[in-house]
Amino acid sequence: MFRDEKIEAMSRDEMTGMQGGLLARQVKWAYENNRFYREKFDRAHLSPGDIKSAEDLHRISFTEKTDLRDNYPYALLSVPTWELARLHASSGTTGKPTPVFHTRKDLDNWGECMARNCSIAGVRKGDVSQISFKYTLFTGAFGHHLGAELIGSMVIPISSGQTEKQLMMMQDFKATVLHCTPSYAIVIAEKFAELGMKKDSLSLRLGIFGAEPMTEELRGEIESRLGITAIGDYGLTELGGPGVSIECPEKKGYHINEDFFLPEIIDPKTGSPLPTGEDGELVFTTLQKEAMPVLRYRTRDITCLEKGTCACGRTLIRHAPIKGRTDDMIIIGGVNFFPSQMESILLDFREVEPQYVINLVKKGRLDHICVDIERCQAFQPVDGGKELKSRMEARMKDIIGFRIEINIVEPMTFPRTEGKSKRIADKR
Ligand code: ADP
Ligand code: ZN
């Protein structure tokens, strides 16, 4: 169902025209209200009036995560602090967290983006949304909360954790939509099985999962274990949080809210724009931010764009599922690949759980990959897992092209996560 058909099914020409107007306004706003952007433009002898459409974007240099860190805490603000309504921050695994700010209007726009996303995913008035993202500085829970509420889905702001209680609430208050990370959805599914609950004891029909990649294989696991449809949702703190893009029920890519975020794909090595359809790094320019516009923000996420009209009737441009982040890319023996590609191969085996760690180790002078993966409770090998190990190793070699060691470990070896999983352990 469309929430805003005019935008969601707008012709490409109309969308391009509208984006041009919004872009010119956003650039002017950033230039006039923010020293960082003003100096960037002045250094490049560029005036805001030079940027009239997406075609002109390449003239602006990229904004990177380090720019946000270097300008901590307030220097990327484009409004006085008394205009601010909310602070959020990214997890900040290294160093200080990266703060982002919202004015009242930004919160309204964020709510609208998330309401549209929820609606594209299939949330309706009368639904019950269990928000099992963690309520912290992190944007996930608040974004989903805003969107679901605006649609008229009753929100249960339970946050993540206390999984048994989650299931009790889900059952008693007949939650129909689950919002969390794919990793946490698996944890919920495990607890559900452990408690011997039946699928028909829950009213869940839909899950909106974001903040980390969800491969098709992981989606399949979640869907079959919980008996729901699983939809992927994408965003990042620097752009305000979730609400940037979402899959529709066709599951053929993530529709981008193009009236708020202008996407580009660039070659991560050279920074040059790549033609539509080619894989590269996703770069976004915000179009309607007040507190903290970002121009040409490098997300470090790798994907490609697809411009055609979707079977759902939407013309909003789509990006393919995120393959991974440039910083997570594994380069071994001259071959590049992402953990998500490996996950697809691993989860094709019914004998294992979607619980694994990819260890990067040194053997002599050479890099070596060794994956530890949990066996399923139901799979009780008599040979200590040897036969499965060699089948999995052969498949890996076939697809990825070099030897990857697989170790089958006992169920529940790895700690479960309530947020994003950390899949790589770099021990080199
Ligand atoms: P960080 O994890 O860098 O601290 P965020 O919490 O803002 O910061 O996370 C944003 C990042 O999470 C994105 O840039 C992307 O790498 C990842 N992400 C979010 N949603 C998805 C998704 N649906 N698929 C894959 N990756 C995602
Ligand atoms: Zn669609």
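Heads up: these notes are all about the structure in this document. (Residues numbered from 1 in each chain as written. Chains lettered and ligands numbered in written order. Predicted model: local features only at pLDDT ≥ 70, side-chain atom pairs only at ≥ 80, totals over all residues. Heavy atoms only, no water.)

Along its length, the protein chain carries eleven helices and 21 strands. Whereas a compact globule of 428 residues would reach a radius of gyration of roughly 22 Å, the protein chain reaches 22 Å, a difference of no more than 12%. Once the C-alpha set of the protein chain is aligned to its principal axes, its extents read approximately 70 × 55 × 40 Å. Evaluated residue by residue, the protein chain yields a buried proportion of 55% over its 428 residues. Counting only contacts in the protein chain whose residues sit at least 6 apart along the sequence, the fraction spanning at least 24 positions is 66%. (Helix = DSSP H or I, 4+ residues; strand = E, 2+ residues; numbered from the N terminus. Rg over C-alpha atoms; globule rule 2.2 N^0.38 Å. Buried < 20%, exposed > 50% of the residue type's maximum accessible area, 1.4 Å probe, protein only. Contact = heavy atoms within 4.5 Å.)

Attention shifts here to the coordination of the zinc ion (ligand 2). Coordination of the zinc ion (ligand 2) by the protein is provided by Cys248 (SG), His255 (NE2), Cys310 (SG) and Cys312 (SG), with metal-donor distances spanning 2.1 to 2.3 Å. One can describe the donor arrangement at the zinc ion (ligand 2) as tetrahedral, given that its four donor atoms subtend angles of 103 to 116° at the metal. We note that the donor set of the zinc ion (ligand 2) lies within a single chain, spaced as C-x6-H-x54-C-x1-C. We classify Cys310 as buried; its relative accessible area is 6%. (Donors = N, O, S within 2.8 Å, 3.2 Å for Na, K, Ca; no water. Tetrahedral: all angles 85-135°; square planar, octahedral: opposite > 155°, others 65-115°.)

What follows covers the environment of Gly17. Structurally, the position occupied by Gly17 is in helix H2 (residues 12–33). Accessibility expressed as a relative area gives 49% for Gly17, which makes it partly exposed. Along the backbone, Gly17 and Gly401 are 384 residues apart, and their C-alpha atoms lie at a distance of 46 Å.

Turning to helix H6 (residues 140–151), a few remarks are in order. Between its first and last C-alpha, H6 extends 17 Å over twelve residues, near the 16 Å set by a 1.5 Å rise per residue. One or two residues past the end of H6 sits Gly152, with phi positive at roughly 105°. (Expected span 1.5 Å × (residues − 1).)

Moving on, we get to the packing of aromatic side chains. Evaluation of the coordinates by the stated rule reveals six aromatic pairs. Both rings, one in Phe337 and one in Phe402, keep their centres 5.8 Å apart while their planes meet at 50°; by these two values the pair is tilted. Here the residue Phe337 occupies a position in strand S17 (residues 335–337), and Phe402 occupies one in the loop between helix H11 (386–400) and strand S20 (405–409), the gap between them amounting to 65 residues. Here Phe337 falls in the buried class, since its relative accessible area comes to 3%. One cation-aromatic arrangement involves Arg423 over Tyr356; the distance from NZ or CZ to the ring centre is 4.3 Å. (Phe/Tyr/Trp six-rings, centres within 6.5 Å; stacked < 30°, edge-to-face > 60°. Lys NZ or Arg CZ within 6 Å of the ring centre and 35° of its normal.)

Let's shift gears to the nonpolar core. In this structure, Phe41, Ile60, Tyr234, Phe261 and Phe284 are the most contacted members of the largest nonpolar core, which totals 40 residues. If you list the elements that add at least two residues to this core, you get H2, helix H3 (35–43), strand S2 (99–103), strand S7 (229–236), strand S9 (254–256), strand S10 (261–266) and strand S11 (280–286). Ranked by residue count, the leading element in this core is H2, at five residues. Residues Met170, Ala175, Ile188 and Ile228 belong to the second largest nonpolar core, which totals 27 residues. (Core = buried A, V, L, I, M, F, W, Y, C linked by side-chain atoms within 4.5 Å.)

Here we come to the packing of helix H5 (residues 104–121) against H6. Any two packed helices are characterised by how steeply their axes cross, that is the angle between the axes, and by the distance between the axes. The interhelical angle for the contact between H5 and H6, taken along N-to-C directions, is 70°, at an axis separation of 7 Å. Of the possible angle classes, the one that applies to H5 and H6 is roughly perpendicular. Counting all contacts with H5, which are made through Leu107, Trp110, Gly111, Glu112, Met114, Ala115, Cys118 and Ser119, the residues of H6 involved are Phe142, Gly143, His144, Leu146, Gly147, Ala148, Leu150 and Ile151. The class makeup of the residues in the contact of H5 with H6 is ten nonpolar, five polar and one charged. (Axes fitted to C-alpha atoms, helices over the stretch in contact; angles between N-to-C directions. Parallel < 35°, antiparallel > 145°, perpendicular 65-115°, else oblique. Nonpolar A, V, L, I, M, F, W, Y, C, P; charged D, E, K, R; others polar.)

This next bit is on the sheet that holds strand S18 (residues 352–363). Two strands in a sheet stick together by hydrogen bonds in their backbones, pointing the same way (parallel) or opposite ways (antiparallel). Taken in spatial order, the four strands make up an open sheet running S20-S19-S18-S21, and their pairing is mixed. Strands at the two margins of the open sheet, each flanked by one partner only, are S20 and strand S21 (424–426). Neighbour-to-neighbour, the strand axes of the sheet open up by a mean angle of 20°, direction not taken into account. Two elements, strand S19 (residues 366–375) and S20, share five bridges in a ladder whose sense is parallel. Note that in S20 the partner of Cys370 across the bridge is Glu405. Contacts between H11 and the sheet are confined to S18, S19 and S20, with S20 contributing the most and set at about 145° to the helix. (Pairing = 2+ DSSP bridges.)

Residues Tyr72 and Pro73 are joined by a peptide bond in cis, for which omega reads -5°. Summarising the element assignment, Pro73 is placed in the loop between helix H4 (65–70) and strand S1 (84–89). Phi at His45 takes a positive value of approximately 50°, unusual for a residue other than glycine. Residue position: His45 is located in the loop between H3 and H4. Located in the positive-phi region is Arg296, a residue other than glycine, with phi close to 50°. Relative to the assigned elements, Arg296 resides in the loop between S11 and strand S12 (297–303). On the accessibility criterion, Arg296 (3% relative accessible area) is buried.

Read from one edge to the other, the open sheet built from nine strands follows the order S4-S3-S5-S6-S7-S8-S9-S14-S13, with strand pairing classed as mixed. Two strands close off the open sheet at either side, each with one partner strand: strand S4 (154–156) and strand S13 (305–306). When strand S3 (residues 128–131) meets strand S5 (residues 177–180), the two strands line up parallel, connected through three bridges. Within S5, the residue paired with Ser129 across the bridge is Val177. With respect to the sheet, H6 is in contact with S3, S4, S5, strand S6 (206–210), S7 and strand S8 (241–247), its orientation differing from that of S3 by roughly 170°. Running at roughly 125° to S5, helix H8 (residues 182–194) makes contact with S5 and S6 of the sheet.

No statement about biological role is implied by the geometric values presented.
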